[in-house]
Amino acid sequence: MTHPSSLLAIAVLAGVVIGSLAPFLCAWTVVPAMVAAWIGVGLGFTRRSRALGSIALTIGFVAFGLWAGAREVGRAEAPPLKRLFDRRAAEGRDGSPVVIIGRLRRDAAETPYGATLSLAVEQVIEAGRPRPAPGGLRVSVGGTQVPAHVAAWRAGRRLRLPVTLRRPQRYLNPGVADQERRFARRGSALRGSVKSALVVEVVESGTRPAEWAATARAWIRRAIARDVGRVSARSGGIVTAILIGDRSGLDPETQRRLREAGTYHVIAISGGNIAILGALVLVALRVVRCSTRVASVVTAATLGGYAYLVGSDASVIRATLGAAVFLAARAADHRPPPLNTLALVAAIMLVATPLTIFDAGFALTFGATLAILIGVPRIYEVWRRWMSDATGRAWGGVRALVLLGAATVCAEAALFPISAYAFSRISVAGLILNFAAIPLMSVIQVAGMVVVVVSAAWPALAALAGLVAHGAATGLVESAALVEWMPWTSQRVPPPPVALMAVYYGGWIVWLSARRIPRLRWAAAGVTAAAGALVILAPAWPSPGPVPRWRPADLRVTFLDVGQGDATVVQLPDRSSLLVDAGGIPGSTFDMGERVVVPALWALGLRRLDWLVLSHGHPDHLGGAAAVVRDLRPREIWEGVPVAGYAPLGELRRLAAVERTAWRTVQSGDRVRVGGLELRVWHPPAPDWERPRVRNDDSVVLEIRWGDVSVLLPGDIGAEVERDLTAGAEPAALQVVKVPHHGSAASSSARFVEAWRPDVAIVSAGRANRFGHPAPDVVRRYLDAGAAVFNTAEEGAITLVTDGHTIDIRTMSGRQLRLKANR
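In this report, the structure presented in the accompanying data block is examined. Owing to the predicted nature of the structure, the values given are computational and were not obtained by experimental measurement.

## Quick look at the sheet that holds strand S13 (residues 611-614)
The strand order S15-S14-S13-S12-S11-S10-S23-S24-S25 describes an open sheet built from nine strands, whose pairing is mixed. Of all strands in the sheet, those bounded by a partner on one side alone are strand S15 (662-665) and strand S25 (816-820). On average, each strand axis in the sheet is tilted by 15 degrees relative to the strand beside it, whichever way the strands run.

## Digging into a nonpolar patch on the surface
A cluster of nonpolar side chains, namely Ile379, Val409, Val428, Leu431, Ile432 and Trp488, defines an oily patch on the protein surface of about 540 Å² accessible area. Position of Val428 relative to the elements: it lies in the loop between strand S8 (425-427) and helix H16 (429-454).

## Focus: the nonpolar core
Ranked by internal contacts, the top residues of the largest apolar core, which has 45 residues, are Ile238, Ile267, Ile444 and Leu476. Mapped onto this core, the elements with two or more residues apiece are helix H7 (208-229), helix H8 (233-244), helix H10 (271-287), helix H11 (292-310), helix H12 (314-331), H16 and helix H17 (459-478). Ignoring anything within four residues of it in the chain, the contact list for Ile238 reads Leu250, Thr254, Ile267, Ile444, Ala473, Leu476 and Val477. Phe559, Leu578, Ile762 and Phe790 belong to the second-largest nonpolar core, a separate cluster that totals 33 residues.

## Some points on the packing of H10 against H11
Between H10 and H11, the least distance of the axes is 9 Å, while the angle of their chain directions is 145 degrees. In this structure, H10 crosses over H11, and the sense of that crossing is right-handed. Contact residues: Ile274, Leu277, Gly278, Val281, Leu282, Leu285 and Arg286 in H10; Thr292, Ala295, Ser296, Val298, Thr299, Thr302, Leu303 and Tyr306 in H11.

## Looking at the packing of aromatic side chains
Throughout the structure, instances matching the rule amount to eight aromatic pairs. With 5.8 Å between their ring centres and 25 degrees between their planes, Tyr171 and Phe590 make a pair best called stacked. Here Tyr171, found in the loop between strand S5 (158-166) and helix H6 (179-185), pairs with Phe590, found in the loop between strand S12 (577-580) and helix H21 (592-603); they are 419 residues apart in sequence, far enough to count as distant. The exposure class assigned to Tyr171 is buried, which follows from its relative accessible area of 5%. Plain terms: the ring middles of Trp611 and Trp638 are 6.0 Å apart, the flat faces sit at 50 degrees to each other, and that makes the pair tilted. Taken together, the positions of Trp611 in strand S13 and Trp638 in strand S14 (residues 636-639) put the pair 27 residues apart, joining distant regions of the chain. For the pair Trp611 and Trp638, one class covers both residues: buried. Members of the aromatic cluster, connected to one another through ring pairs, are Phe416, Tyr504, Tyr505, Trp508 and Trp511. Against the face of Trp611 rests Arg635, its NZ or CZ located 5.5 Å from the ring centre. A cation sits over an aromatic face here: Arg680 above Trp682, 3.8 Å from the ring centre.

Parameters and conventions
Residues numbered from 1 in each chain as written. Predicted model: local features only at pLDDT ≥ 70, side-chain atom pairs only at ≥ 80, totals over all residues. Heavy atoms only, no water. Pairing = 2+ DSSP bridges. Helix = DSSP H or I, 4+ residues; strand = E, 2+ residues; numbered from the N terminus. Axes fitted to C-alpha atoms, helices over the stretch in contact; angles between N-to-C directions. Patch = residues over 30% accessible without salt bridge, like charges linked within 9 Å, V, L, I, M, F, W, Y side chains within 5 Å. Areas by Shrake-Rupley, 256 points an atom, 1.4 Å probe, with all protein chains shown as cover. Salt bridge = Lys/Arg side-chain N within 4 Å of Asp/Glu carboxyl O. Core = buried A, V, L, I, M, F, W, Y, C linked by side-chain atoms within 4.5 Å. Buried < 20%, exposed > 50% of the residue type's maximum accessible area, 1.4 Å probe, protein only. Contact = heavy atoms within 4.5 Å. Left-handed = near helix turned anticlockwise from the far one by under 90°. Phe/Tyr/Trp six-rings, centres within 6.5 Å; stacked < 30°, edge-to-face > 60°. Lys NZ or Arg CZ within 6 Å of the ring centre and 35° of its normal.

Shown next as structure tokens:
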């Protein structure tokens with residue numbers, strides 16, 4: 001077998017996937033499978049049957065992967081620390097701090113609001129007594145004292161700190177991944193917060209290697225800040241990211257531009273960085289006349305030390321392990337096939353950290369390498385033959401460009417469905433920009449290394465190298481302007497179904513395998529091309545999630561789970577649609593529109609919007625609107641009371657102009673009829689004075705009425721505006737009310753609830769929010785009025801489907817309700 005390690009890697013991968021997704025299978029399948037594997041291996045050896053032995057080994061590896069995947073999922077999603085938190089929550093003590101003792105898994109990262117710590121918790125102290133409670137925890141430290149203490153929070157050190165624990169925020173919507181589960185599988189089952197850096201105590205230093213590595217990282221950061229950061233903080237952040245993988249110094253705008261351009265990969269440590277460092281070390285050792293064996297061993301050790309220094313990302317481990325295997329074979333005068341080496345590295349990573357399969361970086365790094373190893377030699381051979389036939393020589397002068405272009409094409413062809421699935425983006429700009437980005441990355445890395453090495457001894461040379469690194473970093477970022485000149489080169493797209501991706505990659509496998517069957521190869525090529533075209537053309541793929549069946553003649557209203565915010569999707573019987581608000585998190589860089597609202601709209605089958613209604617301009621309603629405008633290009637945007645000089649609305653207006661979206665002001669009395677359905681604006685009236693700021697009481701109040709069913713969306717109005725709405729209230733036979741202002745005690749007055757007589761009340765609030773929404777008295781008021789109360793914090797997205805006479809409601813948690821008009 002040419003690539004025996006591939007059998008190991010594929011078998012372990014299959015087992016890990018099955019064990020992670022269905023851990024219950026482990027209990028009754030692993031032991032019989034392992035026994036069968038041992039028996040099969042024994043029979044294969046005694047009978048000298050390679051086929052039987054290979055089958056038995058495959059079964060054994062699958063069983064091992066199944067056990068490893070199931071075990072790691074259990075450890076990640078239900079560690080003792082999370083069980084302790086659940087117990088405290090059941091006792092009502094989840095809001096009080098608990099003293100944690102744990103080791104830092106990586107250096108603290110400074111943020112605009114303090115610092116973030118990643119801890120491997122060892123003990124929890126309750127009532128003065130320590131108790132083991134291992135688990136992963138990510139802690140936010142606030143306060144003005146953070147800059148004075150952050151340098152002491154180094155990877156490997158043990159800390160003692162009082163932490164208020166909480167679950168990670170999750171947004172349960174169709175088409176949106178469970179963030180709580182994702183964070184747990186990445187090693188952080190819980191989140192926490194500390195009010196001040198003064199209460200974070202370093203109780204023990206790390207091991208000597210850990211301290212050395214932390215000191216080296218600190219030295220590198222200082223050198224780069226001094227010789228690159230003084231010229232440009234952005235360039236300093238890029239150089240730091242490329243040298244030690246620390247991306248905390250990159251501003252969100254730079255990261256966004258590089259992602260859209262498809263060149264973000266060059267600032268993540270991967271095979272290119274390892275190859276450059278390895279080549280420099282090998283050349284230096286050969287210059288001093290070291291033997292091949294010694295040079296290979298020293299280089300492998302250097303790369304291992306570098307990997308320990310920069311961390312344990314999948315790309316770093318893959319590249320370092322691959323280089324180590326190659327160098328070890330070189331030292332032993334071996335030349336293993338590259339594909340065999342790649343498969344062996346993948347198998348080792350899966351055995352060591354099974355849940356790395358849920359990291360998109362794992363698929364991207366191995367997928368790109370596999371595609372390059374398979375495709376580049378074929379493309380280069382065709383080019384070489386063609387050029388030799390055409391000119392009589394192989395044009396060696398452009399060989400590097402051909403190889404770089406071939407590698408880029410192969411990697412893009414292999415990865416664009418994965419990028420669409422994981423990041424909802426396809427970028428062809430990278431096909432062009434990589435010709436500049438990869439050489440620029442090489443210059444940045446080498447110049448940055450020069451800065452670090454000579455910073456103390458030769459300041460003038462360090463300053464010059466810093467200028468070179470700055471120039472290359474600037475070129476890297478500014479090359480991303482190609483996307484601004486040609487927007488079609490980078491597009492946000494709905495994630496393709498897994499089945500479609502399987503067809504795409506299955507077609508490639510058949511095409512590569514069926515060399516002697518031309519017809520089958522042509523058929524496979526056609527299927528692959530069709531599947532790839534569907535990924536690129538990106539129709540909206542409706543999610544099969546727990547939503548009621550929707551017929552084209554029905555009205556569907558989905559109250560999205562956007563935490564402590566608002567976003568309501570309305571799909572009308574004539575297939576038109578509107579979105580009322582788009583969620584958002586005040587003071588956060590988390591883009592609720594891009595990460596939550598837009599994927600949910602795609603999952604509901606929408607690729608365009610007809611109307612976007614902004615109830616008012618507060619960030620928890622407006623924050624996600626920009627992404628909605630960019631990705632779904634609504635025909636019109638409605639607002640109520642304009643607020644001149646309010647920057648977020650001004651920026652949205654400019655974006656709407658770019659996307660050719662009309663902007664309209666709506667006021668009480670406005671009506672829009674769509675077939676037999678009516679959209680009625682109840683509030684606000686025409687303003688008689690200019691607003692200096694956004695106000696809750698200026699919210700657009702919209703009613704959707706169809707037949708016997710009415711849905712009232714009142715924004716964040718308070719009791720004063722509610723009084724104005726009661727006089728003209730005309731509740732329908734089946735009345736649905738979204739509870740005003742997330743269930744605030746200052747809203748949902750008794751008079752308002754009595755006037756509208758809701759059958760269903762929908763609360764949009766965040767899980768364990770700091771405002772205490774919805775207020776218990778508000779919930780009781782609706783229950784006493786006979787309404788069924790639903791809360792997105794508990795139920796996730798709440799979907800209502802009606803034919804105008806009956807209502808079917810289903811939530812992401814599985815709760816259901818059916819109502820029929822009887823009055």
